[in-house]
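The primary structure of each chain is shown beneath.
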Amino acid sequence: MRTSTGTQSRELPEQRVGRLAARLRNQKLWDSLLIFLPPLLVATYLAIVLYNFAWIAPLTFYLLSGAMLGVGLLAVVVRIRRLIPSVPVAARLVDEKTSAKDRFLTLATIDVALWPGALVERLRNEAAALLERIDLRREFPYRVKRSFYWSFLFSLIAATLFHLSVPLIGSTRNQAPAYDTLNEVAAKMAKRPPLSALAHELSTLAMKLQDPKLAEQEKQTLIHKVLEQVETQQRKEHEKESRALLGEASSALQGLEQQSAQGQKEDTEKGDGGAQSKPSQQGQGEGKQSQGDGDSKGELNAERSKDMQQGQKAQNTPQEQGKEKNQQSQGDRKDNQPAPSNKSDQDTGKELTGKTPDGAQERLGRSRSEEIPQGAPPAERFYKPGEEGKEGVKGARYVTVQLPEELAADTKGEGSVSKPSKETRAFPKTPVSNAPLPAHVPEAPMEKQQLPLEYRGIIR
Amino acid sequence: MEPEKFQLVFKRLEAEVRKVIVGHDDVIRQVLIAFFAGGHVLLEGVPGLGKTLLVKSLSHVLGVSFKRIQFTPDLMPSDIVGTEVLTEASGRREFQFKKGPIFAHVVLADEINRATPKTQSAVLEAMEEKQVTVFGESHALASPFIVLATQNPIELEGTYPLPEAQLDRFFFKLMVAPPSPVELREILKRTTGAETGDAGKVLPDDGGKLIGQMQQLLRQVLIAPPIEDYVVRIVYATQPNLMNGNGATSPVKQYLRFGSSPRGAQAVILGAKGNALADGRIHVSYEDVAKVIYPALRHRIILNFQAEAENVSTDEIVAEVVKQVPRA
């Protein structure tokens, strides 16, 4: 300590002030860097994610990264310029710490040439005698400011929110850049002889996909086929750069496949909305979904009724699939059939019941399997009047009957109310009759004797 | 001259005056600072507080000539500066300039606000130019020269308040407050007992040279540019009309008619330098500025009607300005 103070005391007071100013400047620089680093990292993460998902082109990625770095540096510079301590401020800090009564401030700021040299030298000696009172490292240590913790916290929240919202962004993004990416990757792959065939496939696919007449389902099939080829090639490839290119192609294809699935879903939703907007057509049978195929209508309804009563999925038979015009059913079927032309009807039926071959589901993409429900019970509108569905018997009308207690006990097969039942649950005191009323038939003859509604179920 | 010698002389002067004057330490110190800074002082206080005694004691300890002028409404300028009188010597008649009481090192202008503006303005040239002109002929005043004027804040009937231009020529305006009970007891002890205090001479009879050296040293005291900037900002902040009042604080805009002149800034700087030397320092600190800013500015800022109606003092305005102007 004695050595260090001895070394320090040899320096002029003005130099000590200058050293403190530099130290404070560095501290402000670190503060600024620490404040802006977390947002910069988050922004970089954002750019990398966008790039990895092939949502932005490489050039855009580089430009974006450069711009973010530039903005970050600019922010640091602007902040430092505003907060950087001047020499007078540093001198005042030294004065405060040493109780020098502005000696350091005077020495650090006056123009020595304009003042009597003897007085300046005397002041310098006075200030030098006070230098031992201050140790810059001890008096001005660097501490991480609270603003850094806030910046870190908000950046973490922003990164988390972005990470969670990536699938949503993917579902709403534009389709055009994916084609561009595909073409770019194909162009790169074309330069490598082992991948040239695959590059041709990709280019062809990109051209086909831009055909507006091509149905979404067919698009998916094509994409999936090429995706399989790419993945097979990727497994075989040993060269690093080729593998990276194939990875890019795979990402682009997956993105396209996801878009296609999203487009198909949107189309389906539009169709449902149309049917709901015309409820009168639902009452006539299957509405628009079965229009134009009156021969199959009865069979289809019978099959559905059977499946629904067994609590199974509402899937069509292979024969009906050929006739079925329902877009929803077609979508479900083709989603589960990567190569329908190469497989038998039996296999197709097997897949339709949910027994998808291993790996096929994975290739279809995660979000796609979430978006298109598989094996869900049929909608309420497919039930016939009188059939029992999720929400009870369709078209049934109920009445609530309040019976005397002993009668209520007999109805439930119990001796008395106080007798404990086999199951320990408590029955309600007011029994409820769930017996459906007969369907309303306008042509039916009137009943001979009008019975009160309350006793109809009991007498029958 | 060595700063230590300045401090020694200054302390001795203070000590000698305090033998006569009880209390008013700040007033004594600031009168001495103004003297060595080459300025004039306006002392304001009710009668009987020892203003005249202070001035007499000061001139005595300094060892310089002293004259007292009692200002009255019928006092003429010639009564102050002097006049040409016809004299006859060796058979020839000629006009000879007879010096007035202004020709002294220390001039006490007692109750200066009782004289007419014409007479007050006669002192104006003497205070600023340190010379007087009679019948077209200029006569230099003694050096060092200081006017210590007193005025009474009560009994304002029949008085002529000093014009702003003349007020501005006073380096400091010092408020002489009534003594505290302890000080009053000491005053009684000194003035009603058998032994009375008497101030001794500190400077020799030819002390003018020494005073000149001390005045020269005072101007060499180092001052940092940031402290000068601080003074400038304070003076600028008293201007209610400059730059649409952007630099002014809200009380200034509300209560002031005019702000301080550049003489105010000069007085602050020189007063701070004098205070630093009196404390044995050769550089000005912010503390020095704070100590002299009130006497230097309080008579240079002019209150408006609203301030007078609300009984707002100039010291309150200065305090507000000092509070709102940052140091660095």
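The structure this text deals with has already been given above.
Residues numbered from 1 in each chain as written. Chains lettered and ligands numbered in written order. Predicted model: local features only at pLDDT ≥ 70, side-chain atom pairs only at ≥ 80, totals over all residues. Heavy atoms only, no water.

### Observations regarding the overall build of chain A
A count of helical and extended segments in chain A gives 21 helices and two strands. Taking all 460 residues of chain A together, the buried fraction comes to 35%. Here the analysis covers contacts within chain A between residues at least 6 apart in sequence; of these, 65% occur between residues at least 24 apart. Surface exposure of chain A reaches about 28,700 Å², of which carbon and sulfur atoms provide 56%. (Helix = DSSP H or I, 4+ residues; strand = E, 2+ residues; numbered from the N terminus. Buried < 20%, exposed > 50% of the residue type's maximum accessible area, 1.4 Å probe, protein only. Contact = heavy atoms within 4.5 Å. Areas by Shrake-Rupley, 256 points an atom, 1.4 Å probe, with all protein chains shown as cover.)

### Observations regarding the overall build of chain B
On a plain count of helices and strands, chain B comes out with 14 helices and 11 strands. Across the 328 residues in chain B, those meeting the buried criterion constitute 52%. For chain B, the proportion of contacts with a sequence separation of at least 24, taken over those separated by at least 6, is 74%. For chain B, the exposed surface amounts to about 15,100 Å²; the carbon and sulfur share of it is 52%.

### Some remarks on the interface of chain A and chain B
The partner chain B presents 21 residues to the 16 residues of chain A that form the contact. Among the residues chain A hides against chain B, the three largest losses belong to Trp115, Leu119 and Arg122 of chain A. Together they make up 34% of the total. Summed over the shared surface of chain A and chain B, the number is two salt bridges. Of the charged contacts, one joins Arg122 of chain A and Glu4 of chain B as a salt bridge, the two residues approaching to 2.5 Å between their closest N and O atoms. Our count for the contact surface shared by chain A and chain B stands at three residue pairs in polar contact (both at pLDDT 80 or more). When contributions to the side of chain A that touches chain B are tallied by element, the ones reaching two or more residues are helix 4 (87–98), helix 5 (103–109) and helix 6 (117–130) of chain A. Among the residues forming the side of chain A that touches chain B, the class breakdown is nine nonpolar, two polar and five charged. (Buried area = accessible area lost by both parts, 1.4 Å probe. Salt bridge = Lys/Arg side-chain N within 4 Å of Asp/Glu carboxyl O. Polar contact = N/O pair within 3.5 Å; in protein donor to acceptor, adjacent residues only side chain to side chain. Nonpolar A, V, L, I, M, F, W, Y, C, P; charged D, E, K, R; others polar.)

### Focus on the packing of aromatic side chains
By the definition in use, this model includes 12 aromatic pairs over all chains. It is Lys97 of chain A that lies over the ring of Phe140 of chain A; its NZ or CZ is 5.7 Å from the centre. (Phe/Tyr/Trp six-rings, centres within 6.5 Å; stacked < 30°, edge-to-face > 60°. Lys NZ or Arg CZ within 6 Å of the ring centre and 35° of its normal.)

### Quick look at the sheet that holds strand 8 (residues 146–151) of chain B
Backbone-to-backbone hydrogen bonds join strands into a sheet, with any given pair of strands oriented parallel or antiparallel. All names here are of chain B. Strand order in the open sheet formed by five strands is 2-5-8-1-9, and the pairing between neighbours is parallel. What marks the edges here is a single partner per strand, and that holds for strand 2 (66–70) and strand 9 (172–175). The sheet shows a mean angle of 20 degrees between the axes of neighbouring strands, direction not considered. Direction of pairing for strand 2 relative to strand 5 (residues 106–110): parallel, over a ladder of five bridges. Bridging from a neighbouring strand, Lys67 pairs with Val107 of strand 5. (Pairing = 2+ DSSP bridges. Axes fitted to C-alpha atoms, helices over the stretch in contact; angles between N-to-C directions.)

### Some remarks on helix 11 (residues 262–278) of chain B
Its 17 residues give helix 11 of chain B an end-to-end C-alpha distance of 24 Å, which sits within 8% of 24 Å, the value for a rise of 1.5 Å per residue. After helix 11 of chain B finishes, the residue Gly280 of chain B shows a positive phi value of roughly 85 degrees. (Expected span 1.5 Å × (residues − 1).)

### As for the side chain of Gln27 of chain A
Residues and elements named next belong to chain A. By the element assignment, Gln27 lies in helix 2 (residues 13–52). Its relative accessible area of 12% is what places Gln27 among the buried residues. Only 2.9 Å separates the side chain of Gln27 from the backbone oxygen of Phe140, close enough to count as a polar contact. For Gln27, the contacting residues outside a window of four places in its chain are Phe140, Pro141 and Tyr142.

### Concerning the nonpolar core
Grouped together as the largest cluster of nonpolar side chains are 101 residues, with contacts concentrated most on Phe104 of chain A together with Val31, Phe36, Leu43, Leu62 and Val289 of chain B. Here this core gathers at least three residues from each of two domains, domain 1 (1–220) and domain 2 (221–328) of chain B. Excluding anything up to four places from it in sequence, Val289 of chain B contacts Ile227, Tyr230, Val231, Val268, Ala272 and Val284 of chain B. Of all hydrophobic cores here, the second largest spans 27 residues; its members include Ala104, Leu141, Phe145 and Phe170 of chain B. (Core = buried A, V, L, I, M, F, W, Y, C linked by side-chain atoms within 4.5 Å. Domains from an automatic or database assignment.)

### Overview of the side chain of Ser59 of chain B
Following the sequence through the fold, Ser59 of chain B ends up in helix 3 (residues 51–62). With near-sequence residues (within four places) excluded, Ser59 of chain B lies in contact with Val64, Phe66 and Val106 of chain B.

### What to know about the pairing of strand 7 (residues 137–140) of chain B
Residues and elements named next belong to chain B. Looking at chain direction, strand 6 (residues 131–134) and strand 7 are connected through four bridges and run antiparallel. Of the residues in strand 7, the one forming a bridge with Thr133 is Ser138. Between strand 6 and the antiparallel strand that follows it, strand 7, lie two residues; Phe135 among them carries a positive phi value of about 50 degrees.

### Focus: the pairing of strand 3 (residues 82–89) of chain B
Residue and element names in this part refer to chain B. By the bridge criterion, eight bridges tie strand 3 to strand 4 (residues 92–99) in an arrangement that is antiparallel. Looking across to strand 4, one finds that Thr87 is bridged to Glu94. Following strand 3, the chain reverses through two residues before pairing antiparallel with strand 4; Ser90 in that reversal takes a positive phi of roughly 50 degrees.

### Here we look at the packing of helix 2 (residues 25–37) of chain B against helix 11 of chain B
Residues and elements named next belong to chain B. Two elements in contact, helix 2 and helix 11, have axes whose closest approach is 9 Å; the angle formed by their N-to-C orientations is 115 degrees. It follows from the interaxial angle that helix 2 and helix 11 lie roughly perpendicular. Of the two possible hands of crossing, helix 2 and helix 11 adopt the one that is right-handed. Within the contact between the two elements, helix 2 uses Arg29, Ile33 and Ala37 and helix 11 uses Leu270, Gly271, Gly274, Asn275 and Ala278. For the contact of helix 2 with helix 11, the residue count by class is four nonpolar, three polar and one charged. (Parallel < 35°, antiparallel > 145°, perpendicular 65-115°, else oblique. Left-handed = near helix turned anticlockwise from the far one by under 90°.)

### Observations concerning the pattern of salt bridges
All names here are of chain A. Across all of its chains, the model carries 27 salt bridges over all chains by this definition. The partner of Arg124 in a salt bridge is Glu121, with the nearest N and O atoms 3.3 Å apart. Here Arg124 and its partner Glu121 are both found in helix 6, three residues apart, which amounts to about one turn of the helix. Glu121 sits in the partly exposed class, given a relative accessible area of 38%.

### Overview of helix 11 (residues 216–236) of chain A
Taking 1.5 Å per residue as the helical rise, helix 11 of chain A with its 21 residues ought to reach 30 Å, and the 30 Å between its terminal C-alpha atoms agrees with that figure. Residues of helix 11 of chain A that are buried include every one of Glu216, Gln217, Lys219, Gln220, Ile223, His224, Val226, Leu227, Val230 and Glu231 of chain A, and no others.

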